[in-house]
Amino acid sequence: MKIVDIVVPAYNEEEGLPEFYKVLKKLSDSLSEFEFRFVFVNDGSSDRTLDVIKDLASRDSMVRYISFSRNFGKEAAIYAGLQHSVGDYTVLMDADLQHPPELIPEMLKALESGEWDACGAKRRSGTMSRLFTSVNNKMSTVKLQPGATDYMCMSRKFVEAVMMLSERQRFTKGLFAWVGFRVKWFDYVQNPRTQGTSKWKFRQLLAYAMDGISGFSTIPLKLVTWSGAIICLLAILYIIITLIKTLICGIDVPGYVTTLVIILFLGGVVLLSVGILGDYIGRIFLEIKNRPLYIAESTNIEEETKDR
Ligand code: UDP
Ligand code: MG
């Protein structure tokens, strides 16, 4: 019997998890040709999420979990979950039932047909998200599917490919796109959150979008070079014009505004360029330290099953 692992990152999801488990258990019972297992990753929740998970695990031997020593973020939780999944198929989904579980049978069917290596869910995206995707796709060789989420159902080889990308600063959606393979996309309408609140703030989303771009593209660095070159050319042109003007008309004293404008403009460009360079250097700095992506505090997964 083929094994399906359901990987679920969970941060402060105590209210939602029992319902999530119930819905998925019912679904998995109806798909008797597969054996379903759960890998819950408690991302350092400050509420009773871990107790809820432990309670589920004590009643159901198919529930496995890893618990982080603090909040390491969703990307780290996804990494840990995928790392501990051993199934023939792995489903990655949110704990809040916003990713409709009804898609899972269709996704599994597509993978079983052998025509596809992974199935992803995409939703009708909002303006911001569409804008980000189109900017990203212009800047990066890795093209994102508009509206794609990280709700994915993956074959073993797809998961293993994703795990080969061992970078610290993870942008899972981009990594999924990077590994390639044949991915079938399903449209879905996002359910409203039933319990709890969204864990993201606008600032975090912006940082996430930046991660996506600078993690996969060096085009911002090239833009710096190009704008530098263009500004140099303009400056040379300006010098020549001023020289000729001075030779013909003699020196005219007022020049205060032009000088000020040029100094301010160049200062701005230089600072911006330094900032962009700094962003990449910062990324190198974080990668080179090679810190673990997370520290697990407790788990019910034994070592052997982990490295199957
Ligand atoms: N999550 C996590 N760590 C975090 C933030 C979120 O593991 O630091 C989990 C959260 O429990 C949920 C999923 O990531 O299962 C998506 O979070 P959320 O629903 O808050 O995001 P949204 O749906 O608003 O994108
Ligand atoms: Mg959500």
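Further up the page is the structure itself.
Counting from 1, residues in each chain are numbered in the order their sequence is written. Here every chain gets a letter starting at A, and every ligand a number starting at 1, in the order they are written. With pLDDT at 70 or above as the cut-off, local features in this predicted model cover only qualifying residues; side-chain atom pairs require 80 or more to be listed or tallied, and sums for whole chains, interfaces and linings still use all residues. The basis for every side-chain value is the complete set of non-hydrogen atoms in the structure, without hydrogens or water.

A. Just the overall build of the protein, in detail. For helices the rule is a DSSP run of H or I covering at least 4 residues; for strands it is a run of E covering at least 2, with both sets numbered from the N terminus onward. A tally of regular secondary structure across the protein gives eleven helices and eight strands. Against the globule reference of 19 Å for 308 residues, the protein gives a C-alpha radius of gyration of 25 Å, more extended than a compact globule. Dimensions along the principal axes, computed over C-alpha positions, put the protein at roughly 90 × 40 × 35 Å. Here the protein holds 308 residues, and the buried ones make up 43% of them. We compute the radius of gyration from the C-alpha atoms alone; for a globule the expected value is 2.2 Å times N to the 0.38, where N is the number of residues. Only protein chains enter the accessibility calculation, which uses a 1.4 Å probe. A residue is then buried if its area is under 20% of the maximum for its type, exposed if over 50%, and partly exposed in between.

B. Structural detail: unusual backbone geometry. Unusually for a residue other than glycine, Asn-12 sits at a positive phi of about 50°. Assignment of secondary structure puts Asn-12 in the loop between strand S1 (2-10) and helix H1 (17-30).

C. Broad picture of helix H10 (residues 256-288). Under the convention used throughout, the expected extent of a helix is 1.5 Å for every residue step, that is, one less than its residue count. For H10, spanning 33 residues, the distance from its first C-alpha to its last is 47 Å, which sits close to the expected 48 Å at 1.5 Å a residue. Listing the buried residues of H10 in full gives Val-269, Ser-273, Tyr-280 and Arg-283. Two residues form a contact once any of their heavy atoms are found within 4.5 Å. Tucked inside the fold, the buried residues of H10 contact helix H8 (202-216) and helix H9 (219-249). Just downstream of H10 lies Asn-290, where phi reads positive at about 55°.

D. Representation of the state of the cysteines within the structure. In what follows, a disulfide is any cysteine sulfur pair within 2.5 Å. For the coordinates displayed, the defined rule picks out zero disulfides. In this structure Cys-153 is a free cysteine whose sulfur lies 5.7 Å from that of Cys-119, the closest cysteine sulfur available.

E. Fine view of helix H4 (residues 103-112). Within the sequence span of H4, burial applies to Leu-103, Ile-104, Met-107, Leu-108, Ala-110 and Leu-111. Along the axis of H4, the buried residues cluster in a sector spanning 160°; they form a single face. After H4 finishes, the residue Gly-114 shows a positive phi value of roughly 80°. Our arc is simply the arc of the directions from the helix axis toward the C-beta atoms.

F. Focus on the sheet that holds S1. Paired strands are those between which DSSP finds at least two bridges. The eight strands are arranged S7-S5-S6-S4-S1-S2-S3-S8 in an open sheet whose pairing can be described as mixed. If you trace the sheet from one side to the other, it starts and ends with strand S7 (183-188) and strand S8 (296-299), each paired once. Neighbour-to-neighbour, the strand axes of this sheet turn through a mean angle of 20°, independent of strand direction. Inspection of the sheet shows strand S3 (residues 63-68) paired to S8 by three bridges, in the antiparallel sense. Bridge pairing links Phe-68 to Ala-296 in S8. Angles here are taken between N-to-C directions and fall from 0 to 180 degrees, while the axes themselves are lines fitted to C-alpha atoms, restricted in helices to the stretch in contact.

G. Layout of the environment of Thr-49. Within the element layout of this structure, Thr-49 appears in helix H2 (residues 49-59). Separated by 34 residues in sequence, Thr-49 and Glu-15 have C-alpha atoms that sit 8.2 Å apart. Polar contacts here mean pairs of N or O atoms no more than 3.5 Å apart (in protein, one a potential hydrogen donor and the other a potential acceptor; neighbouring residues in sequence count only if both atoms are side-chain atoms). In terms of polar contacts, Thr-49 uses its side chain to reach the side chain of Asp-47, at 2.5 Å.

H. Representation of the pairing of strand S2 (residues 34-42) in the model. For S2, a buried count of eight out of nine residues is recorded, marking the element as mostly surrounded by other parts of the structure. As paired strands, S1 and S2 are joined by nine bridges and run parallel to one another. Along S2, the bridge assignment pairs Lys-2 with Phe-34. The path from the first strand over the helix to the second decides the hand: if it runs clockwise while the strands point away from the viewer, the crossover is right-handed. In this view, the connection linking S1 to its parallel neighbour S2 by way of H1 has right-handed handedness.

I. Representation of the packing of helix H3 (residues 74-83) against helix H6 (residues 156-164). Following both chains from N to C, one finds H3 and H6 inclined at 130°, their axes separated by 10 Å at the closest point. In terms of their interaxial angle, H3 and H6 are classed as oblique. Handedness of the H3/H6 crossing: left-handed. Residues Tyr-79, Leu-82 and Gln-83 of H3 touch H6, and the partners they reach there are Val-159, Val-162 and Met-163. Here the nonpolar group is Ala, Val, Leu, Ile, Met, Phe, Trp, Tyr, Cys and Pro; Asp, Glu, Lys and Arg are the charged ones; every other residue, Gly included, is treated as polar. Of the residues assigned to the contact of H3 with H6, the class counts are five nonpolar, one polar and no charged. An angle counts as roughly parallel when it lies under 35 degrees, as roughly antiparallel when it exceeds 145, as roughly perpendicular when it falls between 65 and 115, and as oblique in every other case. Should the near helix be turned counterclockwise from the far one by less than a right angle, the crossing is left-handed, whereas a clockwise turn marks it as right-handed.

J. Summary view of the pattern of salt bridges. Any carboxyl oxygen of Asp or Glu within 4 Å of a side-chain nitrogen of Lys or Arg constitutes a salt bridge here. Within this structure, the stated rule accounts for 13 salt bridges. With a closest N to O distance of 2.8 Å, Arg-64 and Asp-5 form a salt bridge. Of this pair, Arg-64 sits in strand S3 while Asp-5 is found in strand S1, placing the two residues 59 residues apart along the sequence. You'll find Arg-64 and Asp-5 in the same group, each marked buried. Two residues, Glu-35 and Arg-37, come together in a salt bridge whose shortest N-O distance is 3.5 Å. Judged by its relative accessible area of 24%, Glu-35 falls in the partly exposed class.

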